[in-house]
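# Breakdown of the fold
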Amino acid sequence: MQIAFRPASSEDFQYCKRLYFAGMTKIIEELHLNMAAQAVSFREQWALTQVRIITFDSSDVGWLQSKVQDDVLFVAQLFVDGPFQRKGIGTEVMHRLIGESTRLNQGVCLAVVKINPALRLYERLGFQITHEDDRKFYMKRDPDSAVST
């Protein structure tokens, strides 16, 4: 699979925002969250230095935002554009992130909205729920966990 990452530029903000809201609008509505507040929150949390654009055969197909925090890789966002979903791209991206972290002997953490279908992917990849709140599961995968597909 010809997946690669490229650093984001400030011009990628609108692309990332479009994919975020394409993926999250249904969840935002189901949770009865304020859409305007979510737009403000997105702008505040999108950090250029943490964002990579996912490419497939040299075309932009998604983005991820991650950072090392407390000696673990924290995956803050991962979105694949609709036409490219369910083709193994998200799984491949996660395998690469897990591989990067394992080589550094770091765990990988993330938070996922409880009603997000991506939860099943994270469980298959060996992530365990460490705690939860009313909306999200907080998950971690240790560097020595077995990986499935």
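Just above, that's the structure.
Here we summarise the structure given alongside this text. (Residues numbered from 1 in each chain as written. Predicted model: local features only at pLDDT ≥ 70, side-chain atom pairs only at ≥ 80, totals over all residues. Heavy atoms only, no water.)

## Section: the overall build of the protein
- When you go through the protein residue by residue, the secondary structure sums to four helices and seven strands.
- Since a compact globule built from 149 residues should have a radius of gyration of about 15 Å, the 15 Å found for the protein is in line with a globular shape.
- Each of the three principal axes of the protein carries a C-alpha extent, and together these read 40 × 40 × 30 Å.
- A total of 149 residues make up the protein; the buried ones form 40% of that total.
- Taking the 18 positively charged and 18 negatively charged side chains of the protein as two groups, their mean positions are separated by 3 Å. (Helix = DSSP H or I, 4+ residues; strand = E, 2+ residues; numbered from the N terminus. Rg over C-alpha atoms; globule rule 2.2 N^0.38 Å. Buried < 20%, exposed > 50% of the residue type's maximum accessible area, 1.4 Å probe, protein only. Lys, Arg positive; Asp, Glu negative; His and termini not counted. Charge placed at Lys NZ, Arg CZ, Asp CG, Glu CD.)

## Side note on helix 3 (residues 89-103)
- Counted at 1.5 Å a residue, the expected span for helix 3 with its 15 residues is 21 Å, and the 21 Å between its end C-alpha atoms agrees.
- Among the residues making up helix 3, those that are buried are I89, G90, T91, V93, M94, L97, I98, G99 and S101.
- A positive phi of about 55 degrees marks N105, the residue just after helix 3. (Expected span 1.5 Å × (residues − 1).)

## Some details on the packing of aromatic side chains
- Counted according to the given criterion, the structure contains nine aromatic pairs.
- Relative to F79, the ring of W63 lies with its centre 5.7 Å away and its plane at 25 degrees, an arrangement referred to as stacked. Taken together, the residues W63 in strand 3 (residues 59-69) and F79 in strand 4 (residues 72-80) connect sequence positions 16 residues apart. The pair W63 / F79 is uniform in exposure class, with both members buried.
- Lying across the ring of F5, R52 places its NZ or CZ 4.8 Å from the centre.
- Cation over ring: K114 sits above F137, and NZ or CZ is 5.2 Å from the ring centre. (Phe/Tyr/Trp six-rings, centres within 6.5 Å; stacked < 30°, edge-to-face > 60°. Lys NZ or Arg CZ within 6 Å of the ring centre and 35° of its normal.)

## Some words on the environment of T25
- Mapped onto the elements, T25 comes out in helix 1 (residues 13-30).
- Taking the C-alpha atoms as reference points, T25 and I115, separated by 90 residues in sequence, lie 12 Å from one another.

## Some remarks on the nonpolar core
- Core analysis: the biggest nonpolar cluster contains 23 residues, and I54, V93, M94, L110, Y122, F127 and M139 have the highest contact counts within it.
- Take this core: its biggest share by element is five residues, from helix 3.
- Contact partners of M139, with chain neighbours within four places excluded, come to V108, C109, L110, V112, L119, Y122, E123, F127, Q128, I129 and T130.
- Grouped together as the second largest cluster of nonpolar side chains are 17 residues, L19, F21, F42 and V51 included. (Core = buried A, V, L, I, M, F, W, Y, C linked by side-chain atoms within 4.5 Å. Contact = heavy atoms within 4.5 Å.)

## Quick word on the packing of helix 1 against helix 2 (residues 35-45)
- Put simply, helix 1 and helix 2 touch, their axes get as near as 11 Å, and they point 140 degrees apart. In this view, helix 1 runs oblique relative to helix 2, as classed from their interaxial angle. By crossing handedness, the relation of helix 1 to helix 2 is classed as right-handed. Contacts from F13, Q14, C16, K17, Y20, F21, T25 and I28 of helix 1 reach helix 2 at M35, Q38, A39, F42 and R43.
- Partitioned by chemical class, the residues of the contact of helix 1 with helix 2 number eight nonpolar, three polar and two charged. (Axes fitted to C-alpha atoms, helices over the stretch in contact; angles between N-to-C directions. Parallel < 35°, antiparallel > 145°, perpendicular 65-115°, else oblique. Left-handed = near helix turned anticlockwise from the far one by under 90°. Nonpolar A, V, L, I, M, F, W, Y, C, P; charged D, E, K, R; others polar.)

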